[in-house]
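Here's the letter readout for the chains.
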Amino acid sequence: MTQALFLALFLLAPPLNLLRFDLYANHLVLFGQKIELGFTGFQYGFTPASEVIINLIFKAFLPLVAAGLGLIYVAWRWGRLYCGWLCPHFSMVEGLNHLMLRATGKPGLWEKQPLPARQPDGRILRPNPWYWLPLILLAALTAFAWAVATITYALPPDVIYYNLLHGQLSRPQFLFIGILSLVLFLDFIFARHLFCRFGCSVGLIQGLAWMANPRAMTIGFNRRRARDCQECNNACDNVCPMRLKPRTLKRKMFTCTQCGACIDACIQVETPKDRDSLLKWVDGACALHKTTGRDNGKDCF
């Protein structure tokens, strides 16, 4: 639900005038209010450069810094929550991984082996190549919608929508939407979680902040019951959208998005056996074993 709402916010923020920059008028629009930065006045000689610089610092730079520091603090305390619970790209990672699993038996094209057919809830999932159709269609439509939404953050949405519906896009507008749509489509089909792991600067910053706090919230593993894992087909590993191994050390979980899919999978496997999950959220002293690899002596399960 949080992912769907944030995706809708990302797409609708410009036309609803919640957040955008109008290049035609040279001002910000925030919650319907125009925030003048002085660019137009400076262009025609009415506004001194010092006033423009002050406006940029207090109306643009400092709010961005505050938002960035807030993001870093959340990541330091709880991990990459933005990635797992809000990021529109990660919502596509999860959705398209599932469709590709239905089409090929693998969540990504670069996986060496298909995943086990038995799902955590006991269902048997057989690959069906017909799922390539909704996979490609969803990737293409989402890529196009993202490209259109992105350009409306800089140009008036009503202008873009009118030009698009009437086939009157200017050459720069057409090239921007076309190229970005193609790049996003290729990302959705071939990369997805690989971009999240190796190409996303926002994810990298959050990961570094999370790693700096050994007591931050993480996925805890009940090692005393590790033998129970022998009865499972590594369901927690199989469902991870980032293709990580949740039972390993924290330094190998650098790109964990705190989505909790592994915990849900373990619950589904263990509940029919009247046993508790071997994985759960832990923090504080209970999270230290994930960093050090040693039992800290505290009974956290």
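Bear in mind the structure is a predicted one, so any value in this text is a computation, not a measurement.

For this particular structure, what's the right way to read the environment of Met100?
Within the fold, Met100 resides in helix α5 (residues 88-104). For the pair formed by Met100 and Asn128, sequence separation is 28 residues and the distance between their alpha carbons is 9.6 Å. With near-sequence residues (within four places) excluded, Met100 lies in contact with Gly105, Lys106, Pro107, Gly108, Leu109, Trp132, Leu135, Ile189 and Arg192.

Explain the pairing of strand β3 (residues 33-36) here, please?
If a strand is regular, its side chains alternate between the two faces of the sheet. Of the pairings in the sheet, the one linking strand β2 (residues 27-30) to β3 comprises 4 bridges and is antiparallel in character. Directly across from Leu28, in β3, lies its bridge partner Ile35. The antiparallel hairpin formed by β2 and β3 contains 2 residues in its connecting segment, where Phe31 sits at a positive phi of about 50°.

For this particular structure, what's the right way to read the state of the cysteines?
Formally, a disulfide is one covalent bond, and it connects the sulfur atom of one cysteine to the sulfur atom of another. Counting across every chain of the model gives 0 disulfides. Just so you know, Cys196 is unpaired, no disulfide at all, and the nearest cysteine sulfur is the one on Cys87, 6.1 Å from it. Under the relative-accessibility criterion, Cys196 is labelled buried at 9%. In this structure Cys232 is not part of a disulfide, and its nearest cysteine sulfur, from Cys236, lies 6.4 Å away.

What am I meant to see in a nonpolar patch on the surface here?
Together, Ile53, Ile54, Ile57, Phe58, Phe61, Leu62, Val65, Leu69, Ile72 and Ile205 make up a nonpolar patch on the protein surface, roughly 910 Å² of accessible area in all. Considering every element that reaches the nonpolar patch, the biggest residue donor is helix α3 (residues 49-78), with 9 residues. Relative to the helices and strands, Ile54 resides in helix α3. Take Ile54: its relative accessible area is 46%, and that puts it in the partly exposed class.

Reading the values: the criteria
- Each chain carries its own residue numbering, running from 1 in the written order of its sequence.
- Local features in this predicted model are restricted to residues of pLDDT 70 or higher, and side-chain atom pairs are both shown and tallied only at a pLDDT of 80 or more, whereas totals for entire chains, interfaces and linings draw on every residue.
- Values reported for side chains reflect all heavy atoms of the structure, with hydrogen atoms and water molecules removed beforehand.
- A run of H or I in DSSP counts as a helix once it spans at least four residues, and a run of E counts as a strand once it spans at least two, with each numbered from the N terminus.
- Should any heavy atoms of two residues lie within 4.5 Å, those residues are counted as being in contact.
- We call two strands paired when DSSP finds no fewer than two bridges between them.
- What counts as a disulfide here is a pair of cysteine sulfur atoms lying within 2.5 Å.
- Any residue under 20% of the maximum accessible area for its type is buried, any over 50% is exposed, and the rest in between are partly exposed; the area is computed with a 1.4 Å probe on protein chains only.
- Note on patches: the residues involved have over 30% relative accessible area and no salt bridge, like charges join within 9 Å, and the nonpolar side chains Val, Leu, Ile, Met, Phe, Trp and Tyr join within 5 Å.
- Methods summary: accessible areas were calculated by the Shrake-Rupley approach with a probe of 1.4 Å, and residue burial reflects only the protein chains presented.
- Whenever Lys or Arg places a side-chain nitrogen within 4 Å of a carboxyl oxygen from Asp or Glu, that contact is recorded as a salt bridge.

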